[in-house]
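Per-entry structural report
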Amino acid sequence: MPEERKKILVLFAHPSQERSEVNKLLFKASQTHHDVTAIDLYREYPTFHINIDREQQRLVDHDVIIFLFPLHWYSTPAILKQWQDLVLEYGFAYGTDGTALKGKTFFCATTAGGNEKAYQHEGYNHFSIRELLYPIEQTANLTGMHYLAPFVLFSSRNASEEGRVTGHIDAFNALLTSLATSTLDLSHAASLPLLNRALMQETPETYQTR
Amino acid sequence: MTAYFIQAFIYLCAAVIAVPLAKRLGLGSVLGYLIAGVVIGPIVGLVGSETNTLQHFAEFGVVMMLFLVGLELEPRMLWDMRNKLIGLGGLQIGITTAVITAAGLYFGLVWSVAFTVGLIFALSSTAIVLQTFSEKDLNKTEGGKNAFSVLLFQDIAVIPMLALIPLLALPELVEKAQSVVGQAAEHHEELSLVAGLPGWAYGITVLLAIAAVVVGGHYLSRPLFRYVASSGLREIFTATALMLVIGIAALMSLVGLSPALGTFLAGVVLANSEFRHELESNIEPFKGLLLGLFFITVGAGIDFGVLASNIDPVLGLTAGVMLVKALVLLALAFIFKIRNSDRWLFALSLAQAGEFGFVLLSYTVQNHVIPTDLAQMLSLVVALSMFLTPGLFIFFDKVILPRYEKSENKPEADEITERGTVIIAGVGRFGQMVNRFLVANKIKTVVLDQSVDQVANLRKINVKSFYGDATQPDLLHTAGIEDATMLVIAIDNNERAVELTQYIKHTYPKVMIYARAFDRGHHFELKHAGADFIVSETYHSALELGKEALIALGVHPFKAEQKKATLRELELCYKDSLYEMWKKNSEDSKYSTHFRELFIELETAISKAMKSEHLDEQARVERGWTPPPKDYEKRMNESEE
């Protein structure tokens, strides 16, 4: 019996897309998948006036939620915070009746300017990416979502010069496909520091092309 | 008088029958006119003797066309084209002249005659080519653009040619002419300022006349147009435009220069004028008709007698000239990397001799450079080559193009530089802001306004704007509505704005219309007429002031902004249903609907809507950043236990 395909929602937040070298391409790649609804939040809400009903409906309609953004001061760009503040309402996302998100899968796909060494306890950022995103992880926990490790591209400012972008996009595509077909080992993916690693196990050939 | 009416009727009748027929058969209007001319002239013989006189009159069509070509050429654009102009155009004229001169020498012509013939045949027909390009929509192709640069260079090159040709005068022809000059003297003096002047004085007179056109065009035209435009009478503006063109043509004829060149120059001088588009739209219809007449007379003027007796040399020469020109052009296309079908379009479209050929031929005869009998035969060659040009275009369409279409990919996407002209109709307080905003973001705009003062004010602060009534289809046409992506309508006349929207949506459905509405009723009318985006002129400023008022009255600025956004959202929500109501209402009682009643009705509907949504609306405003209930943790713990 064919497995039912999961529906994926990509919430993309990039306030200066004319400068984007990676995130915009990831967004474009996600638009090509049939199972993915890709939303450009800054395009839809240029005045930050978020339509709460519409956003909640979108969450209800999808099984996998992805935040796609460049890391800004160890967190999401402003509109994603705005989106969380408004959309994840009491009675919808948390509280006794707030069960709308229960059982869904959630993770962050992000890019960091610093290299991977910088995001270590010994590095100048002192925390790993996964640690820096703890507030989001806990939000996922509170709302009953299954939180996966973040999918990260480090040293993103040099990635296109160093030819690392294509491989990263391929990996993202593979990730979306395995999420849609439920072929990703979710509990393994949740336990890792980075989702990139889980993917490497999952489809080594694809990821090694980077 | 009766005879004139009959002649005019025959000419017009021939055009009315032949041109639409030719267009339907895909032959283009130029060939239509030419055929009409041949039919009423040499074949049926309805017209004949007066053709020559008429041709002089019809040459005025060429004069007007060059005026319009000049108007299109801002000096800056000329500068941008300089490489192609000088490279392509210069080489085309240089090489073609050299080859034809060599051929002339080979056939035993005197060098000066051979050289003059070379110069004459190096020119192509701006009239036919530009007309055909715009009919077949070839202007934007690579071949079309390059052909245009070459034509332009040729038109400019005529000036030095006119200066050069008198120096090539043949002594024996001058002698012959001087022996008859006695009889013609009085006649000549009446029509010319320069007859009998020595060479240097003649040169000075010519320079003075050109300077008069340039300086006058630059400094005197504006006050004149302002004076005329302030009267608000359209026909007087038309008269002024005609007066200007005819006046310059007359001046140039008086000093023995080509009127076409004079008006071309005047056109370039006026290209930066705010009256440019209005001038264009006024001259355009005259140009079209007179140019048609010109082609008819070319057809009618084909003398089958002379042709019959010289059939071999004329046909041979025509074929030879066209072959030489096409080969030279083809070689240049290779050098300048014009590719694929564009290469052939470039070579074939310019392979004929042009209307300047006639002008130069009569000029050379006047200046005793070429003997009359040779000139007669050569003008037959010019006419025939022009006659064959539409055939070349058909050859291109039917044979060349299909061959390339198979192997070629789809035409390349438009370059970004070509994209997006926005025409702004009306630059009062509203249109001006829109324009400033767009221009600051590097969007090309064409600005039109009906108030001379407004246009002058804008010019003072370096905003390019043009005088004219934007609701006139021909003005929009000259402002480039066909290629525009958007028309912003910000004119003060409400009904005209709606009519304009209807007209544009009907004629140019691809052009987006962004319109300013006076009020809600006008808003709906514009929407009904098909406008893509409408904003009521005071709507947003009123909302802004309301918000500021709330702040002044003690509401937190952020909250006030939220309230404003909510009101906007509500308006948006109800916009469509209100519009439907308005439409039904105006259909039921078509013209009797009193606007005030309707407006009250709409307002009631809105306040009703606000009321019925009141709880929701309240909730919406309160909804963002709502903290959880006070005892929520207790409740959560309970449910966990």
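These notes cover the structure that comes with them. All values reported here derive from a predicted model rather than from experimental measurement.

Scanning chain B for helices and strands turns up 29 helices and 6 strands. Counting the 641 residues in chain B, one finds 46% classified as buried.

On the side of chain A, 13 residues touch chain B, which itself brings 13 residues to the contact. Its largest share of buried area at the contact with chain A, chain B owes to Arg 623, Trp 625 and Met 636 of chain B, together 47% of the area lost on that side. In this assembly, chain B and chain A are joined by 0 salt bridges. Linking chain B to chain A there are 0 residue pairs in polar contact (both at pLDDT 80 or more).

With that settled, the discussion passes to the pairing of strand S5 (residues 512-517) of chain B. All names here are of chain B. The pairing of strand S4 (residues 486-489) with S5 spans 4 bridges and is classified as parallel. Note on S5: the bridge partner recorded for Ile 489 is Ala 515. Tracing the backbone out of S4, into helix H23 (residues 494-507) and back to the parallel element S5 gives a crossover that is right-handed. Read from S5 through helix H24 (residues 520-529) to strand S6 (residues 533-536), the crossover connection turns out right-handed.

Residue and element names in this part refer to chain B. The N-to-C vectors of helix H10 (residues 199-219) and helix H13 (residues 259-270) enclose an angle of 30 degrees; their axes lie 9 Å apart at closest approach. The angle between H10 and H13 falls in the class roughly parallel. Considering how the two elements wind past one another, H10 and H13 form a crossing that is right-handed. In this structure, H10 uses Ile 210, Val 213, Val 214, Gly 217 and His 218 to contact H13, whose residues at the interface are Gly 262, Leu 265, Ala 266, Val 269 and Leu 270. Tallied by class, residues from the contact of H10 with H13 come to 7 nonpolar, 3 polar and no charged.

Before going further, it helps to spend a moment on empty space enclosed by the protein. Residue and element names in this part refer to chain A. Enumeration over the complete set of coordinates arrives at 3 cavities of 30 Å³ or more. In this structure, the largest cavity spans a volume of roughly 80 Å³. Contributing to the lining of the largest cavity are Leu 59, Ile 65, Phe 67, Trp 83, Gln 84, Leu 88, Leu 101, Phe 106, Ile 136, Thr 139, Ala 140 and Met 145. If you list the elements that add at least two residues to the lining of the largest cavity, you get strand S3 (64-70), helix H4 (78-87) and helix H6 (134-142). Per-element accounting of the lining of the largest cavity gives the leading share, 3 residues, to H6.

A word on the environment of Tyr 227 of chain B. Residue and element names in this part refer to chain B. Relative to the helices and strands, Tyr 227 resides in helix H11 (residues 221-229). Assessed through its relative accessible area of 65%, Tyr 227 is described here as exposed. Note: C-alpha distance between Tyr 227 and Val 452 (225 residues apart in sequence) is 9.2 Å.

Residue and element names in this part refer to chain B. Summed over the entire model, instances satisfying the criterion amount to 24 salt bridges over all chains. Ionic pairing is found between Glu 561 and Lys 564, a salt bridge with its closest N-O pair at 3.6 Å. Of this pair, Glu 561 and Lys 564 are both found in helix H26 (residues 557-588), 3 residues apart, which corresponds to roughly one turn of the helix. With relative accessibility at 32%, the residue Glu 561 sits in the partly exposed group. Owing to a relative accessible area of 16%, Lys 564 belongs among the buried residues under this scheme. What you see here is one network of salt bridges that share partners, running through Glu 544, Lys 547, Glu 548, Glu 561 and Lys 564.

Before going further, it helps to examine the pairing of S6 of chain B. Regular strands place side chains that alternate from one sheet face to the opposite one. Pairing geometry for S5 of chain B and S6 of chain B, over 4 bridges, is parallel. Paired with Ala 517 of chain B across the strands is Ser 536 of chain B, a residue of S6 of chain B.

This part covers the nonpolar core. Residues and elements named next belong to chain B. Ranked by internal contacts, the top residues of the largest apolar core, which has 134 residues, are Phe 67, Phe 121, Phe 295, Phe 346 and Ile 370. Examining the composition of this core, we find that 14 residues originate from one element, helix H19 (residues 372-407), more than from any other. The contacts of Phe 67, once residues within four sequence positions are left out, are Leu 244, Val 245, Thr 263, Phe 264, Ala 266, Gly 267, Leu 270, Leu 279 and Ile 283.

This part covers the sheet that holds S4 of chain B. Residue and element names in this part refer to chain B. Taken together, the 6 strands give an open sheet; going across it, the order is S3-S2-S1-S4-S5-S6, and neighbouring strands pair in parallel fashion. Since the sheet does not close on itself, it has two edges, and those belong to strand S3 (465-467) and S6, each with one partner. Within the sheet, the average angular offset between the axes of one strand and its neighbour, ignoring direction, is 20 degrees. Two elements, strand S2 (residues 444-449) and S3, share 3 bridges in a ladder whose sense is parallel. Paired with Leu 448 across the bridge in S3 is Phe 466.

With that out of the way, let us pick up a nonpolar patch on the surface. Residues and elements named next belong to chain B. A cluster of nonpolar side chains, namely Leu 91, Ile 95, Val 99, Phe 334, Ile 335 and Phe 336, defines an oily patch on the protein surface of about 520 Å² accessible area. Contributions of two or more residues to the nonpolar patch are made by helix H5 (82-106) and helix H16 (311-335). Among the elements that line the nonpolar patch, the one with the most residues is H5, at 3 residues. Structurally, Val 99 can be placed in helix H5. Accessibility expressed as a relative area gives 36% for Val 99, which makes it partly exposed.

The subject of this paragraph is the packing of aromatic side chains. As enumerated under the stated definition, the model contains 19 aromatic pairs over all chains in all. Between Tyr 42 of chain A and Phe 48 of chain A, the ring centres sit 5.8 Å apart and the planes meet at 65 degrees, which makes this aromatic pair edge-to-face. Judged by relative accessible area, which is 16%, Tyr 42 of chain A ranks as buried. On the numbers, 5.3 Å between centres and 80 degrees between planes, the contact of Tyr 90 of chain A with Tyr 94 of chain A is edge-to-face. Assessed through its relative accessible area of 22%, Tyr 90 of chain A is described here as partly exposed. Owing to a relative accessible area of 15%, Tyr 94 of chain A belongs among the buried residues under this scheme. Through successive ring pairs, a cluster of aromatic residues spans Phe 67, Trp 83, Phe 106 and Tyr 147 of chain A. The cationic tip of Arg 343 of chain B hangs over the ring face of Phe 334 of chain B; the distance from NZ or CZ to the ring centre is 3.8 Å.

Cut-offs and rules
Residues numbered from 1 in each chain as written. Chains lettered and ligands numbered in written order. Predicted model: local features only at pLDDT ≥ 70, side-chain atom pairs only at ≥ 80, totals over all residues. Heavy atoms only, no water. Helix = DSSP H or I, 4+ residues; strand = E, 2+ residues; numbered from the N terminus. Buried < 20%, exposed > 50% of the residue type's maximum accessible area, 1.4 Å probe, protein only. Contact = heavy atoms within 4.5 Å. Buried area = accessible area lost by both parts, 1.4 Å probe. Salt bridge = Lys/Arg side-chain N within 4 Å of Asp/Glu carboxyl O. Polar contact = N/O pair within 3.5 Å; in protein donor to acceptor, adjacent residues only side chain to side chain. Pairing = 2+ DSSP bridges. Right-handed = clockwise from strand over helix to strand, strands pointing away. Axes fitted to C-alpha atoms, helices over the stretch in contact; angles between N-to-C directions. Parallel < 35°, antiparallel > 145°, perpendicular 65-115°, else oblique. Left-handed = near helix turned anticlockwise from the far one by under 90°. Nonpolar A, V, L, I, M, F, W, Y, C, P; charged D, E, K, R; others polar. 1 Å grid on protein atoms, 1.4 Å probe; cavity = no way out; pocket = protein on both sides within 12 Å on 5 of 7 lines; lining within 4 Å. Points joined across faces, edges and corners; volume = space filled by probe spheres on them. Core = buried A, V, L, I, M, F, W, Y, C linked by side-chain atoms within 4.5 Å. Patch = residues over 30% accessible without salt bridge, like charges linked within 9 Å, V, L, I, M, F, W, Y side chains within 5 Å. Areas by Shrake-Rupley, 256 points an atom, 1.4 Å probe, with all protein chains shown as cover. Phe/Tyr/Trp six-rings, centres within 6.5 Å; stacked < 30°, edge-to-face > 60°. Lys NZ or Arg CZ within 6 Å of the ring centre and 35° of its normal.

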